[in-house]
Amino acid sequence: MMKPTVLIVEDNTPLRLAIHDCLTREHFTSFCCESAGEALELYKEHSPQFVLLDIMLPDGEGYDLIPVMREYHDSYILMLTSLSDIESKKIAYENGADDYMTKPFDMDELLFKLRAARKRLSSYHDICQVGDISLKVSTGELMCGNKLVLLPPSQSRLLKGLIDTSRRHAVLSLEDCNREIFPTEMHSRRQLHTIVARLRSSLEQIGSREILVDSVYGKGYTLTVLHESRHSD
């Protein structure tokens, strides 16, 4: 199972390192930064499941990052801030924050919140819908209309990765696959090409008219979503 990923945006170095060490012991993968500019770069690169976001940053306010992040990925965003006034909380939630903790806080409480959120997210993200297909990640059930095929784990995980990557308008590279999708079973380009070919065959078998797995020369693969109207011209 892949480790949950967390982006820690905190300009207090001792606190940032303490959170990072705590999450590492609990088997989270953490990416750390101390500014809004760095936060956006890391967010676009890694699409973390969780964001721990300070409000007062050297180059801006954490509030302003939330709507921008939401354009790329639907992460669970938890504000970690010394601002305890109701107006700050109001602004955070209105901008799209999922939760709010005031410094100083108990590290165990932070872990409780992340574990609870992870359970909810696991259930929510088990069903992926894009174009005319629906994928149940936990079972590999791929549906299109009233047709169903059962994907093997390799195809299911690859399709989930392609769906996630397409939502941030990026390309899924071989390095991404080996680091994030198949971390315990490294694949060569030929092996990955074989899995892609089989996934394409599964999509054809189920009768999808809107989903294409395209090759991007020298880079990797991307998921293209067509509109039904293009097929009826």
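Throughout what follows, the structure given in this document is the object of discussion. Keep in mind it's a predicted model, so treat the numbers as computed, not measured.

Reading the values: the criteria
Counting restarts for each chain: residues are numbered from 1 in the order of the written sequence. Restriction of local features to residues with pLDDT of at least 70 applies here, the model being predicted, together with a cutoff of 80 or more for giving and counting side-chain atom pairs; totals for whole chains, interfaces and linings are based on all residues. Only hydrogens and water are set aside when side-chain values are computed; all heavy atoms of the structure are taken into account. Working definition: helices are DSSP H or I runs of at least four residues, strands are E runs of at least two. Numbering for both runs from the N terminus. Burial classes: relative accessible area under 20% of the type maximum marks a residue as buried, over 50% as exposed, and values in between as partly exposed (1.4 Å probe, protein chains only). Contacts between residues were defined by any pair of non-hydrogen atoms, one from each residue, lying within 4.5 Å. For accessible areas, the Shrake-Rupley method is used with a probe of radius 1.4 Å. Any residue's cover is judged against the shown protein chains and nothing else. We score Asp and Glu as negative and Lys and Arg as positive, and we do not count His or the chain ends. Charge positions are represented by NZ for Lys, CZ for Arg, CG for Asp and CD for Glu. Definition of nonpolar core: a set of buried residues of the types Ala, Val, Leu, Ile, Met, Phe, Trp, Tyr and Cys, connected through side-chain atoms within 4.5 Å. The pairing criterion for strands is at least two bridges between them, as found by DSSP. Only C-alpha atoms enter the line fits that serve as axes; for helices the fit covers just the stretch in contact. Angles between N-to-C directions range over 0 to 180 degrees.

### Details of the overall build of the protein chain
Then, in step 1: A count of helical and extended segments in the protein chain gives 9 helices and 13 strands.
Then, in step 2: Reported as C-alpha extents along the three principal axes, the dimensions of the protein chain are approximately 55 × 40 × 30 Å.
Then, in step 3: Classification of the 233 residues of the protein chain by burial places 44% in the buried group.
Then, in step 4: Considering only contacts in the protein chain between residues 6 or more positions apart, those separated by 24 or more positions represent 55%.
Then, in step 5: A total accessible area of about 12,500 Å² is found for the protein chain, and carbon and sulfur atoms account for 52% of it.
Then, in step 6: Averaged over its 27 positive side-chain charges, the protein chain has a centre that lies 7 Å from the centre of its 35 negative ones.

### Concerning the environment of V213
Then, in step 1: Secondary-structure assignment places V213 in strand β12 (residues 211-216).
Then, in step 2: A C-alpha to C-alpha distance of 7.6 Å links V213 and V196, two positions 17 residues apart in sequence.
Then, in step 3: Discounting residues that sit within four places of it in the chain, V213 has contacts with L162, V196, L199, R200, L203, Y221, T222 and L223.

### Quick look at the nonpolar core
Then, in step 1: Ranked by internal contacts, the top residues of the largest apolar core, which has 27 residues, are L142, L158 and L159.
Then, in step 2: Counting only elements with at least two residues in this core, the list comes to β8 (127-130), β9 (133-136), β10 (141-144), α6 (153-167), α7 (174-181), α8 (189-206), β12 and β13 (220-225).
Then, in step 3: Sorting elements by how many residues they give to this core places α8 first, with 6 residues.
Then, in step 4: With sequence-adjacent residues up to four places away left out, L158 is seen in contact with L172, C177, I181, F182, L192, I195, V196 and L199.
Then, in step 5: In this structure, I55, L57, I66 and Y100 belong to the second largest nonpolar core, which totals 21 residues.

### A word on unusual backbone geometry
Then, in step 1: The residue after K103, namely P104, is reached through a cis peptide bond having omega -10 degrees.
Then, in step 2: Of note in the backbone geometry, H27 takes a positive phi value of approximately 70 degrees without being a glycine.
Then, in step 3: Considering the arrangement of structural elements, one finds H27 in the loop between α1 (13-25) and β2 (29-33).
Then, in step 4: Phi at S47 takes a positive value of approximately 45 degrees, unusual for a residue other than glycine.
Then, in step 5: If you trace the backbone, S47 turns up in the loop between α2 (36-46) and β3 (50-53).

### Looking at the sheet that holds β3
Then, in step 1: Spatial strand order, β2-β1-β3-β6-β7: 5 strands in an open sheet with parallel pairing. Strands with a single pairing partner mark the edges of an open sheet, and in this sheet they are β2 and β7 (99-102). Each neighbouring strand pair of the sheet contributes to a mean axis angle of 20 degrees, computed without reference to strand direction.
Then, in step 2: Summarising the sheet, strand β6 (residues 76-81) and β7 pair through 4 bridges and their orientation is parallel. Residue L80 lies in a different strand from β7, and its bridge partner there is M101.
Then, in step 3: Lying on the sheet, α2 is in contact with β1 (5-9), β2 and β3; it crosses β2 at an angle near 150 degrees.

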